[in-house]
Amino acid sequence: MSRFWRGLLRLPLYFVLIIATLWTAGALYFDVPIAWLRAPLALVYGLAMLAALFFVKGAWRALSVVAVGFAAVLAWWLTIKPTGNRAWQRDVARTAWADVNGDEVTVHEVRNFDYRTETDYTPHWETRVFHLSKLAGVDCAITYWGSPWIAHPMVSFQFSDVLPLVFSVETRKAEGQSYSIIAGLYRQYELIYIPADERDLIRLRTNYRKGEDVFLYRTAISAEHGRALFLAYLDRLNRIHERPQFYNQLTDNCTTNIRLANVEAQQEKAPPWNWRVLLTGKSDELLYQRGLVDRSLPFATVKERSHINKKAQAADASPDFSQLIRAGLPDPVASRSDRPPSL
């Protein structure tokens, strides 16, 4: 084989190692515990690895140097553990947990804040009791704040005798932290499951945050599968309460956790992976495609009618908030199936 072809075949490996070098420099920049060392270490490492790629004699020797550098930093990075005991922002100050006793489920630290603005609120943490036999359905709320490709999904469990319980999987930020997509690739944020009243998680996004649009979809998930999914959420809730874990923008985020709970709930019946699991701005299209929302109407019409901002703003703090925001929503109840949720 000629030198040209050998070089061409190595190009994908060069590309992978360059990406690995950039990621590793970022790991040093964000996660080294000594703040003043972060930028110098990241810069020196990045330059050293790029120099090895282009100046070390022998292509395989150069690639080996970069691979060893990546492996060494990765081994260190994997030793960083979440603590669960940082000075947290008030809205994520507590982690919830649940007691399951047969049909009865008690969820502790349910969030139900009284908002005046997005950042001015009175915290309320509640204990609520639910009965699996009273679970009547599962709805999916999807929040957009800019790009039509990226959104934040939340899953809401409906009961015939008590208010719904909605779950949001989020970054648990410490005081002074703001969210960054790049920082989210590293070990900067811990993960939190927030069970809450819809007047908290949904109304926060429709009534108090600026520039967010919320779409609420009623689904055709059966009560049986809804109960399995609810128990899977509670299991994840308890595990994270007992053993903190990191959030990761790509591998451990809101959508991958919904998918994980879905797989745990449905096991062999779980739907196949789909690219819209990650590009969640299109996840409602996936729900429609799989017949889990009303298909008697065109998708564009279903989406338009599922936009709830105006209803939520009108309902505001009403005790009937959950009922009012669902008025007129497309409802596939007549065609409920045994298929599992697809997020």
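Remember, it's a predicted structure, so these values are computed and weren't measured experimentally. (Residues numbered from 1 in each chain as written. Predicted model: local features only at pLDDT ≥ 70, side-chain atom pairs only at ≥ 80, totals over all residues. Heavy atoms only, no water.)

## As for the overall build of the protein
Across its full length, the protein carries ten helices and ten strands. When the backbone C-alpha atoms are referred to their principal axes, the protein occupies close to 70 × 45 × 40 Å. Relative to its full complement of 343 residues, the protein shows a buried share of 51%. Residue pairs at least 24 apart in sequence account for 69% of intrachain contacts in the protein once pairs closer than 6 positions are excluded. Counting only carbon and sulfur atoms, one obtains 60% of the accessible surface of the protein, whose full area is about 16700 Å². Mean positive and mean negative side-chain charge positions of the protein (40 and 34 charges, respectively) differ by 10 Å. (Helix = DSSP H or I, 4+ residues; strand = E, 2+ residues; numbered from the N terminus. Buried < 20%, exposed > 50% of the residue type's maximum accessible area, 1.4 Å probe, protein only. Contact = heavy atoms within 4.5 Å. Areas by Shrake-Rupley, 256 points an atom, 1.4 Å probe, with all protein chains shown as cover. Lys, Arg positive; Asp, Glu negative; His and termini not counted. Charge placed at Lys NZ, Arg CZ, Asp CG, Glu CD.)

## Observations concerning the pairing of strand β1 (residues 97-101)
Across five bridges, β1 lies against strand β2 (residues 104-111) in antiparallel orientation. Looking across to β2, one finds that Val100 is bridged to Val105. Counted between consecutive antiparallel strands, the loop separating β1 from β2 contains two residues, among which Gly102 sits at a positive phi close to 65 degrees. (Pairing = 2+ DSSP bridges.)

## A short note on the nonpolar core
If you look at the biggest cluster of nonpolar residues, it comprises 43 residues, and the most contacted ones within it are Val107, Phe157, Phe167, Phe230 and Tyr233. Looking at which element gives the most residues to this core, the answer is helix α5 (residues 223-242), with seven residues. Not counting chain neighbours up to four residues away, the residues in contact with Val107 comprise Trp97, Ala98, Glu126, Thr127, Arg128, Phe130, Leu165, Pro195, Leu234 and Leu237. Membership of the second largest hydrophobic core comes to 19 residues, among which are Met154, Ala196, Ile202 and Ile325. (Core = buried A, V, L, I, M, F, W, Y, C linked by side-chain atoms within 4.5 Å.)

## Here's the deal with the pattern of salt bridges
Throughout the structure, instances matching the rule amount to 17 salt bridges. Two residues, Arg94 and Glu109, come together in a salt bridge whose shortest N-O distance is 3.1 Å. Highlighted residues: Arg94 in the loop between α3 (59-77) and β1 and Glu109 in strand β2, separated in sequence by 15 residues. Exposure remark for Arg94: the relative accessible area of 39% places this residue in the partly exposed category. Overall, the relative accessible area of 17% leaves Glu109 in the buried class. Salt-bridge contacts for Glu198 lead to Arg326; the nearest nitrogen and oxygen are separated by 2.7 Å. Of the two residues, Glu198 is situated in helix α4 (residues 198-208) and Arg326 in the segment after α10 (321-325); the sequence distance between them amounts to 128 residues. By sharing partners, the salt bridges in this structure join Asp139, Glu198, Arg218, Arg326 and Asp331 into a single network. (Salt bridge = Lys/Arg side-chain N within 4 Å of Asp/Glu carboxyl O.)

## Comments concerning a nonpolar patch on the surface
On the surface, Leu13, Phe15, Val16, Ile19, Leu22 and Trp60 cluster together into a nonpolar patch covering about 640 Å² of accessible area. By residue number, the principal contributor to the nonpolar patch is helix α1 (residues 3-31), which donates five residues. Along the polypeptide, Val16 turns up in helix α1. (Patch = residues over 30% accessible without salt bridge, like charges linked within 9 Å, V, L, I, M, F, W, Y side chains within 5 Å.)

## What about helix α2 (residues 35-55)?
An ideal rise of 1.5 Å per residue puts 30 Å on 21 residues; α2 measures up with 31 Å between its terminal C-alpha atoms. Buried within α2 we find Ala42, Tyr45, Gly46, Met49, Ala52 and Leu53. (Expected span 1.5 Å × (residues − 1).)

## Here's the deal with the packing of aromatic side chains
Inspection of the entire model under this criterion finds 23 aromatic pairs. Of the aromatic side chains, those joined through ring pairs into one cluster are Phe130, Phe157, Phe159, Phe167, Tyr193, Phe230 and Tyr233. The ring of Trp149 has Lys282 lying over it, and the distance from NZ or CZ to the ring centre is 4.7 Å. In this arrangement the basic side chain of Arg295 is found over the ring face of Tyr288, its NZ or CZ atom lying 5.0 Å from the centre. (Phe/Tyr/Trp six-rings, centres within 6.5 Å; stacked < 30°, edge-to-face > 60°. Lys NZ or Arg CZ within 6 Å of the ring centre and 35° of its normal.)

## Describing the side chain of Arg199
Take Arg199: it is sitting in helix α4. By relative accessible area, which is 16% here, Arg199 ends up buried. Those residues in contact with Arg199, other than ones at most four positions away along the chain, are Asn112, Leu163, Leu204, Ala317, Ser318, Pro319 and Phe321.

## Examining the confidence of the model for the protein
For the protein, the mean per-residue pLDDT works out to 88, and 91% of the residues sit at or above 70. Scored below 50 in pLDDT, residues 334-343 shows 43 contacts in the model against residues more than four places distant or in partner chains. (pLDDT = per-residue confidence, 0-100.)

## Comments concerning the pairing of β2
A regular strand carries its side chains on alternate faces of the sheet. For β2, a buried count of seven out of eight residues is recorded, marking the element as mostly surrounded by other parts of the structure. The pairing of β2 with strand β5 (residues 125-131) spans six bridges and is antiparallel. Looking across to β5, one finds that Val107 is bridged to Arg128.

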